[in-house]
Amino acid sequence: MKTILVPATGGEADGQTFATALAVARSFSAHIDVLHVRFDPVEVAVAAASGDGSGSSGPLLEGLIDQLEQDAREREAKARRIFDDFCARESVVPAVEPAQAAGEPSAQWHVEIGQETRWMATYGMTADLIVASRGTPGDDAVARSLLEAVLLESGRPLLIPSASAPGAAIAEHVAIAWKATPQAVRAVAFAMPLLARAKAVTVMTVEEEEGRPDDAERLVNYLAWHKIKAAAVQLTPGSRGAVESLLAAAATKAQLLVMGGYGHTRLREWVFGGFTQRVLANAPMPVLVAH
């Protein structure tokens, strides 16, 4: 993992997102691309005027555009301050090309104009890892939209930080929420650099009627061929349910949970609904997820 993409929103979650990205970057001497996307004031103003049915034009529309432009500048300035303060505090060196990194974690600031989801997915296609927040109570809907976009459209793994500050070693013990699905397979493949550095790996399966007991053992054997020692644990949901059983077991030791995005049949629910969404909402540790 040599390139990590992080959104800079100017919101409360930025500091935690940067810290999680840096924890990974330090393990791999990686580069962090920090992307701030300014909304287009004209596009937003026209959409707002059309949406409210007023058909606003002329001076009223110009005034709205001016206000939106000011809001966008202030939001960008705040996001940049958070980024600069973080880099100064953590001694992260600036770099715009690989030769400048010198084997240490580095970071670069980027600004684009338009839709954040589209730009994040575009930048994410050439990143080894995307780190994005699950949001705060006030902006969780916006954060959810961003997570869906990068997961569905970038083809890259997504690391979602926990609410607490990451430790120096983000993945000493990794838990894998295993189910024999293509999404889980891709999540494990993307996580291999982290699994190779982990001191312990636990493959966790939740007992299901249609489940096959040897699924986890086959994954353990596969990891052993890559010199990754893992142990398999099968969980019985009981009265607490599958999600609570999984999180309770993972929280006892793991600093990172790896899982695939799966769930119900409708596309958005299939990725973020049901089991997957409840894990992302309640996991006390960072979650690496792939589609």
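Residues numbered from 1 in each chain as written. Predicted model: local features only at pLDDT ≥ 70, side-chain atom pairs only at ≥ 80, totals over all residues. Heavy atoms only, no water.

Novice: How should I be thinking about the packing of helix 6 (residues 182-197) against helix 7 (residues 215-225) in this particular structure?
Specialist: Geometrically, a packed helix pair is captured by the angle between its two axes and the distance between the axes. Running from N to C, helix 6 and helix 7 cross one another at 50°; their axes reach a closest spacing of 12 Å. As the angle between them shows, helix 6 and helix 7 are arranged oblique. As helix 6 runs across helix 7, the sense of the crossing is right-handed. Facing V188, M192 and L195 of helix 6, the residues of helix 7 in contact are L219, Y222 and L223. Considered class by class, the residues forming the contact of helix 6 with helix 7 number six nonpolar, no polar and no charged. (Axes fitted to C-alpha atoms, helices over the stretch in contact; angles between N-to-C directions. Helix = DSSP H or I, 4+ residues; strand = E, 2+ residues; numbered from the N terminus. Parallel < 35°, antiparallel > 145°, perpendicular 65-115°, else oblique. Left-handed = near helix turned anticlockwise from the far one by under 90°. Contact = heavy atoms within 4.5 Å. Nonpolar A, V, L, I, M, F, W, Y, C, P; charged D, E, K, R; others polar.)

Novice: Please explain the packing of aromatic side chains as it appears in this structure.
Specialist: For any pair of aromatic rings, the description rests on two quantities: the centre-to-centre distance and the angle between the ring planes. Counting across every chain of the model gives four aromatic pairs. A ring pair is formed by F83 and W109, whose centres lie 5.3 Å apart and whose planes are at 35°; its orientation type is tilted. Taken together, the residues span a long stretch of sequence, with F83 in helix 3 (residues 59-90) and W109 in strand 4 (residues 106-113) at a distance of 26 residues. Classification of F83 by relative accessible area gives buried; the value is 6%. Put simply, the rings of F18, F83, F86 and W109 touch in pairs and so form one group of aromatic residues. The ring of W119 carries the charged tip of R118 above its face, separated from the ring centre by 4.7 Å. (Phe/Tyr/Trp six-rings, centres within 6.5 Å; stacked < 30°, edge-to-face > 60°. Buried < 20%, exposed > 50% of the residue type's maximum accessible area, 1.4 Å probe, protein only. Lys NZ or Arg CZ within 6 Å of the ring centre and 35° of its normal.)

Novice: What am I meant to see in the nonpolar core here?
Specialist: Nonpolar side chains tend toward joint burial in soluble globular proteins. Judged by nonpolar contacts, the single largest core of 49 residues is most densely connected at I4, I32, I176, L195, V203 and L223. In this structure I32 touches I4, V6, A21, L22, A25, S106, A107 and Q108, once residues within four positions along its chain are discounted. (Core = buried A, V, L, I, M, F, W, Y, C linked by side-chain atoms within 4.5 Å.)

Novice: What is the right way to read the side chain of H36 from this model?
Specialist: In this fold, H36 is placed in strand 2 (residues 31-38). Given a relative accessible area of 0%, H36 falls into the buried group. The contacts of H36, once residues within four sequence positions are left out, are A8, T9, R75, E76, A79, W109, H110, V111 and E112.

Novice: Can you walk me through the pairing of strand 1 (residues 3-7) in this structure?
Specialist: On any regular strand, side chains alternate: one points to one face of the sheet, the next to the other face. Extensive coverage of strand 1 is indicated by the burial of four of its five residues. Relative to strand 2, strand 1 is paired through five bridges, and the arrangement is parallel. Paired with T3 across the two strands is H31, which belongs to strand 2. With respect to chirality, the unit in which strand 1 leads through helix 1 (residues 14-28) into the neighbouring parallel strand 2 is right-handed. (Pairing = 2+ DSSP bridges. Right-handed = clockwise from strand over helix to strand, strands pointing away.)

Novice: Would you explain the sheet that holds strand 8 (residues 200-206) in this entry?
Specialist: Through backbone hydrogen bonds, the strands of a sheet pair up, either in parallel or in antiparallel fashion. If you walk across this open sheet you meet the eleven strands as 3-4-2-1-5-6-11-10-7-8-9, and the pairing is mixed. Unpaired on one side and paired on the other, strand 3 (93-94) and strand 9 (230-235) mark the two borders of the sheet. The pairing of strand 7 (residues 173-177) with strand 8 spans five bridges and is classified as parallel. The partner of V174 across the bridge, within strand 8, is V201. Across the sheet, helix 6 lies against strand 7, strand 8, strand 10 (256-260) and strand 11 (287-290), angled at about 150° from strand 10, the strand it touches most. Across the sheet, helix 8 (residues 242-251) touches strand 7, strand 8, strand 9 and strand 10, and the angle it forms with strand 8 is around 165°.

Novice: Explain unusual backbone geometry here, please?
Specialist: It is generally the case that most residues other than glycine have a negative phi and that most peptide bonds are trans. Of note, the phi angle at S29 is positive, near 50°, even though the residue is not glycine. Structurally, S29 can be placed in the loop between helix 1 and strand 2. A relative accessible area of 28% places S29 in the partly exposed class. In this structure, S91 is a non-glycine residue whose phi angle is positive, near 55°. When you line up the elements, S91 lands in the loop between helix 3 and strand 3.

Novice: Please explain the pattern of salt bridges as it appears in this structure.
Specialist: Pairs can form between side chains of opposite charge whenever their charged atoms are close. By the definition in use, this model includes eight salt bridges. In this structure, the salt-bridge partner of E69 is R73, at a minimum N-O distance of 3.6 Å. Of this pair, E69 and R73 both sit in helix 3, separated by four residues, roughly a single helical turn. When salt bridges with common partners are traced through the structure, they connect R38, E69, R73 and E76 into a single cluster. (Salt bridge = Lys/Arg side-chain N within 4 Å of Asp/Glu carboxyl O.)

Novice: Looking at this structure, how should I read the pairing of strand 11?
Specialist: What you see with strand 11 is no split at all: V287 and V289 on one side and L288 and A290 on the other are buried throughout. Across four bridges, the pairing between strand 10 and strand 11 is parallel. Looking at strand 11, one finds that V258 is bridged to L288.

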